[in-house]
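# Residue-level structural notes
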Protein chains: 2
Amino acid sequence: MLARMTFAQQRLAEGFLFTDLYQLTMAQLYFRTGLAEKRAQFDHFFRDLPNYGDHRAGYCVNAGLGWLLDWMKEARVQEADIEALKSMRGRTGERLFGDDFLAWLKRHGTFECLTLRAIPEGRVVHPGVPLTVVEGPLIMAQILETALLAQLNYQTLIATKAARVKESARGGLVLEFGVRRAHDRGANAGTRAALIGGADFTSNAGISHVLGFPPKGTHAHSMVQAFVALGLGELAAFRAYAETYPDECVLLVDTIDTLHSGIPNAITVFEELRRKGHEPVGVRLDSGDLAYLSIQAAKLLNEAGFPDVAIVLSSNLDELVIWQILTQISEEAPAYGLDPEAIIRRLVYGVGTRLITSEGDTALGGVYKLVSLHDGERWQPAIKLSDSRDKVLNPGDKGAWRLYDARGNATADLITLADETPKPPQGDERLLLHHPSDPSRRRTLRAGEVSRVEPLLLPVLEEGRLVRELPDIPAMRELRTRDIEALNSGVRRLVNPHIYHVSLSEPLWTLKQELIASLSENGR
Amino acid sequence: MLARMTFAQQRLAEGFLFTDLYQLTMAQLYFRTGLAEKRAQFDHFFRDLPNYGDHRAGYCVNAGLGWLLDWMKEARVQEADIEALKSMRGRTGERLFGDDFLAWLKRHGTFECLTLRAIPEGRVVHPGVPLTVVEGPLIMAQILETALLAQLNYQTLIATKAARVKESARGGLVLEFGVRRAHDRGANAGTRAALIGGADFTSNAGISHVLGFPPKGTHAHSMVQAFVALGLGELAAFRAYAETYPDECVLLVDTIDTLHSGIPNAITVFEELRRKGHEPVGVRLDSGDLAYLSIQAAKLLNEAGFPDVAIVLSSNLDELVIWQILTQISEEAPAYGLDPEAIIRRLVYGVGTRLITSEGDTALGGVYKLVSLHDGERWQPAIKLSDSRDKVLNPGDKGAWRLYDARGNATADLITLADETPKPPQGDERLLLHHPSDPSRRRTLRAGEVSRVEPLLLPVLEEGRLVRELPDIPAMRELRTRDIEALNSGVRRLVNPHIYHVSLSEPLWTLKQELIASLSENGR
């Protein structure tokens, strides 16, 4: 029997129950112990920048919020969810969830009770800084955790990788080609994040159209193979392509032999096209030594009178491979009498697997932690100790700020208590920045050293109601470009980047130390 | 303005247009050149086993087919897809897709024309062997590529990782905990694959329910934090949990201090539970030195009279970490007067990020290649040359077989032409196995050396009609267990496994060499 997943089942698996079971067992416990509707505050943040093994990120690009908000709107609890929960049983065969709790959940099981502040998508973000702050009734704020993390972790991971690829491409056109190697339907979120973070276009047809970008793509080896199998050959395949797409003619030249078959056949077809009044667009190289082949292809194309035809590169590209290819072209092109910059200007990068899966570091370890709970009278900061001092939470209701130096460069992010509003120090004022965990590391900023203090967290939802227009993807890209340009070049480095400072204000540092001491004594 | 993705847009992005644009530009070309309905055959296979950096797989576990078939059924072209294609424009502003092609597509844009053979889900599979063979009209068989790869690559990758985790756990219970770190909605496919490959249960509530497994989970640090923030402490949190779930009581003991707070408080609550007639289930350790803490937790629990309570481990587990933990327990437990095997028997493994993202190797490089095209009179084998001899396709319509040796162990997979039916050699018969690319490496099997030859590819679809009952997940798990047990132990090794032989038959080898020679001369 084929147990097909029905459409209703897919909705169930992607809706309210797209979560870890423990969110729901905790929810029932909160309900039973009278904590259900106590107001709680959770911070979403990541502790470590992606580390790809031989290289690592100096910053991340925030992404995913828009789709998370869509999900929160759609994912109110449905009758089918209640029925599923009703059917779940513990080891003694008794129902796991009682009618009392399920009745509550049926009435209150929506995320429209939540208030949310967030750093906008596209902005550069750093470890330890709250990216999203969720406030609302304990149960619903808690249940949101899993779906929030699954959506924001992945998109931020991919937007970050895309930004690195775009940096390495020195402004060249980057095409996202990865859907076939993505993690199933996660492909579409990855495509969106890539477009936010640095890809100019994508081959992923459906989601590209939905997001308002024209998808890109020409042909695969199989087209050439088909013509060859029918005895017609590569040249006939190229001619058929040029005839069908006279103004979009990009030919994949490595099915048989790049330099001895593909490029010469492409030049023949390009000449025919030009005689008919069309300008050819490019060739694509998908295997072999892409730096060497780029130089040779450029040489042949130049000699044939096509110095402006693009050379599209694909095949396991990532930021380091692109960097190496460009370095090699710079070094070797002069030996062939070619200007390396002229070759590099005509390159286009099709980046697949290594972008859409963030090869080398496949998950951003974003977490979602309870930082404050209202006991009916006041907010009580919450903390979690840990074996590692670096992992102890920053407790309480907080703000997050970016400090710019005299040149306008971002010099540090500062996490404060919610009632602080840091300003550039004037006269004798001092701004004291604490390292998040090491008491011996502090930094004092004086007048003239801070040109601007910018709030990072902006109100997005007030009890489920959208209170801010979210940027569209072009606007997110502008935020990204502006933020990356404001980083010191050491932080932008692809390999072994300089560490950007994230600091705590004096009042937050003091609260954290007090809570650690008190929990160590009394928490048990 | 918030450009929310509507439900209709999500369907569009996950349906027929969940593909690379080039599949559609090629499709229009095939339509215009009269190749649209020529019969074509594509092989899906992977070239390389997952390599996680410091360790690598010796085999893969096949997964994803069931959901691919669901998708193929759902994803016929819709009016919205046609409208999207109609709106796409090239660089001169002209429409990319003509009315003639779109009219054809509207009529024929369904995968129900395809015939498909496949190796069943759950089976152990090896590089180069066709896992899925798709036959049908060139256009529709070609368009299927991207969605097929996105779905089968990921599930096979995760089923493989899960099998390794299960191997390292020596049969202990494995729980999939990764949804929060998965690639967005890809989580659900990953969960399914993990359940096929080696996870016993999952925390992912919705999809677990849909697949017929009870989801697993208890509580997070945030529950303890909430009680602490309210001044009630960890013990009160544990009591509340035990009261709500007296027969499901697994307590997370590392929020404050595992050995000095968590375990003692858990023991207090377990004693209270037992006095009320309930047996506690377990503790969970989520940070620190899990081997050391397992031993110490076992010691404290034993001394308190709870020698059977499970110890659930989580926190960045994978097959190597589990292997190291068990090794360390084996070495160190005796020094504390404990039987290591008794500790290991009570361990349960919650495996998250590193399973659901296949940490270390995030994409299976599965490909989908044209191997044969019918020219109206006969099938013409198709091939693609490559810079690397290893990457040259195995052409033509083929069969795939597993050979078992005299002990019943799998000794090689054999790829043949479709009209071959290899049998165990009898008397003076010889079975000649060619290395797929190296002419100097051949192997000859004689009578007595092959006990059984098993066909791997089974008919699944005949022109869209399901012709075989697909196994359910328990049956897939049986296939997996049986196949893994039939591997030589060297191939099962987690680190530096022995290479399993995949060979070509004499007739396939000969065809391949002829085509390479002919293409090198005439392909251009």
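Chain A is annotated in an unreviewed UniProt entry as Nicotinate phosphoribosyltransferase from Truepera radiovictrix. If you open the UniProt record of chain A and go to Sequence similarities (unreviewed entry), you find "Belongs to the NAPRTase family." Under Pathway (unreviewed entry), UniProt gives the following word-for-word description of chain A: "Cofactor biosynthesis; NAD(+) biosynthesis; nicotinate D-ribonucleotide from nicotinate: step 1/1."

### Section: the overall build of chain A
Counting its regular elements, chain A contains 18 helices and 21 strands. By principal-axis analysis of the C-alpha atoms, chain A measures approximately 80 × 75 × 40 Å. Expressed as a percentage of its 524 residues, the buried residues of chain A come to 63%. The long-range fraction of contacts in chain A, counting pairs at least 24 apart against all pairs at least 6 apart in sequence, stands at 75%. With 59 positive and 67 negative side-chain charges, chain A shows a spacing of 3 Å between the two charge centroids.

### Observations regarding the pattern of salt bridges
All names here are of chain A. Applying the stated criterion across every chain yields a total of 62 salt bridges over all chains. Among the ionic pairs, Asp-184 bridges to Arg-185, the shortest N-O distance being 2.8 Å. For the pair formed by Asp-184 and Arg-185, the shared burial category is buried. One salt-bridge network, held together by shared partners, links Arg-123, Arg-402, Asp-413, Glu-454, Arg-482 and Asp-483.

### With respect to the sheet that holds strand S8 (residues 250-252) of chain B
Residues and elements named next belong to chain B. The sheet built from six strands is open, its strands ordered S7-S6-S11-S10-S9-S8 with parallel pairing. Lying at the two open borders of the sheet, with one neighbouring strand each, are strand S7 (201-202) and S8. Here two bridges tie strand S6 (residues 173-176) to S7, and the two strands are oriented parallel to one another. Bridge pairing links Leu-175 to Phe-201 in S7. Of the strands in this sheet, strand S10 (310-313) and strand S11 (347-351) touch helix H13 (residues 319-332), which is tilted by about 155° from S11.

### Some words on the interface of chain B and chain A
Contacts between the two partners involve 132 residues from chain B and, on the opposite side, 132 residues from chain A. For the chain B and chain A pair, buried surface summed over both sides reaches about 11,300 Å², with 59% attributable to carbon and sulfur atoms. There are eight salt bridges connecting chain B and chain A. Counting across the chain B and chain A interface gives 45 residue pairs in polar contact (both at pLDDT 80 or more). Sort the elements by how many residues they give to the side of chain B that touches chain A and helix H2 (residues 21-32) of chain B lands first, with ten residues. Considered class by class, the residues forming the side of chain B that touches chain A number 63 nonpolar, 42 polar and 27 charged.

### Here we look at the packing of aromatic side chains
One pass over the structure, following the stated rule, counts 16 aromatic pairs over all chains. Taking the centre distance of 6.3 Å and the plane angle of 50° together, the rings of Phe-31 of chain A and Trp-104 of chain A count as tilted. A residue pair is termed long-range when its members are at least 10 positions apart, and Phe-31 of chain A in helix H2 (residues 21-32) and Trp-104 of chain A in helix H5 (residues 99-108) qualify at 73 residues. Owing to a relative accessible area of 5%, Trp-104 of chain A belongs among the buried residues under this scheme. By the ring-pair criterion, three or more aromatic residues cluster together here, those being Phe-31, Phe-97, Phe-101 and Trp-104 of chain A. Here the basic side chain of Lys-161 of chain B rests over the ring of Tyr-52 of chain B, its NZ or CZ set 3.7 Å away from the ring centre.

### A short note on the relation of the copies chain B and chain A
Related by rotation about an axis and a shift along that axis, the two copies of the chain form a pair. Between the two copies, chain B and chain A, the superposition gives an RMSD of 0.0 Å; the rotation angle is 180° and the shift along the axis is 0.0 Å. Taken together, these values place the two copies in the relation of a two-fold axis. Measuring from the rotation axis to each C-alpha of chain B, the shortest distance belongs to Gly-186 of chain B, at 2.2 Å.

### Overview of the UniProt feature "domain: Nicotinate phosphoribosyltransferase C-terminal" (unreviewed entry) in chain A
With numbering aligned to this structure, UniProt lists the feature "domain: Nicotinate phosphoribosyltransferase C-terminal" (unreviewed entry) at residues 398-512 of chain A. The span residues 398-512 of chain A shows a helical share of 21% and a strand share of 35%, and its end C-alpha atoms are spaced 12 Å apart.

### A closer look at the sheet that holds strand S10 (residues 310-313) of chain A
Reading across the sheet, the six strands line up as S7-S6-S11-S10-S9-S8 (chain A) and stay open at both edges, with parallel pairing between neighbours. Among the strands making up the open sheet, the edge pair consists of strand S7 (201-202) and strand S8 (250-252) of chain A.

Scoring rules and cut-offs
- Within every chain, residues take consecutive numbers counted from 1 along the sequence as written.
- Chain letters and ligand numbers both follow the written order, the letters beginning at A and the numbers at 1.
- Given that the model is predicted, a residue must reach a pLDDT of at least 70 before its local features are reported, and side-chain atom pairs must reach 80 or more before they are shown or counted; all residues, however, enter totals for whole chains, interfaces and linings.
- Side-chain measures were taken over the full set of non-hydrogen atoms in the model, leaving aside hydrogen atoms and water.
- UniProt positions are given in the numbering used here, feature names are shortened, and annotations may be inferred rather than shown by experiment.
- Every helix listed is a DSSP run of H or I at least four residues long, and every strand listed is a run of E at least two residues long, numbered separately from the N terminus.
- For every residue, the accessible area obtained with a 1.4 Å probe (protein chains only) is divided by the maximum for its type, and the residue is called buried under 20%, exposed over 50%, and partly exposed between those limits.
- Contacts between residues were defined by any pair of non-hydrogen atoms, one from each residue, lying within 4.5 Å.
- The charged-residue count follows a simple rule in which Lys and Arg add positive charge and Asp and Glu add negative charge, with His and chain termini not counted at all.
- To locate a charge, the coordinates of NZ of Lys, CZ of Arg, CG of Asp or CD of Glu are taken.
- Should a side-chain nitrogen of Lys or Arg be within 4 Å of a carboxyl oxygen of Asp or Glu, the pair is scored as a salt bridge.
- Paired strands are those between which DSSP finds at least two bridges.
- Under this scheme, a helix contributes an axis fitted over its contacting stretch, all axes are lines through C-alpha atoms, and angles between N-to-C directions fall in the 0 to 180 degree range.
- What counts as buried area is the accessible surface, traced by a 1.4 Å probe, that two parts surrender upon association, with contributions from both included.
- Pairs of N or O atoms are called polar contacts if they sit within 3.5 Å, as long as, within protein, a hydrogen donor faces a hydrogen acceptor (for residues adjacent in sequence, only side-chain-to-side-chain pairs).
- Each residue gets one label: Ala, Val, Leu, Ile, Met, Phe, Trp, Tyr, Cys and Pro are nonpolar, Asp, Glu, Lys and Arg are charged, and the others, such as Gly, are polar.
- In summary, the pairing rule links any two rings of Phe, Tyr or Trp, Trp by its six-membered ring, whose centres are within 6.5 Å, and it sorts them by plane angle into stacked for under 30 degrees, edge-to-face for over 60 and tilted for everything else.
- To sit over a ring, a charge needs its Lys NZ or Arg CZ within 6 Å of the ring centre and within 35 degrees of the ring normal.
- Least-squares superposition aligns the copies on the C-alpha atoms of those residues with pLDDT at or above 70 in both.

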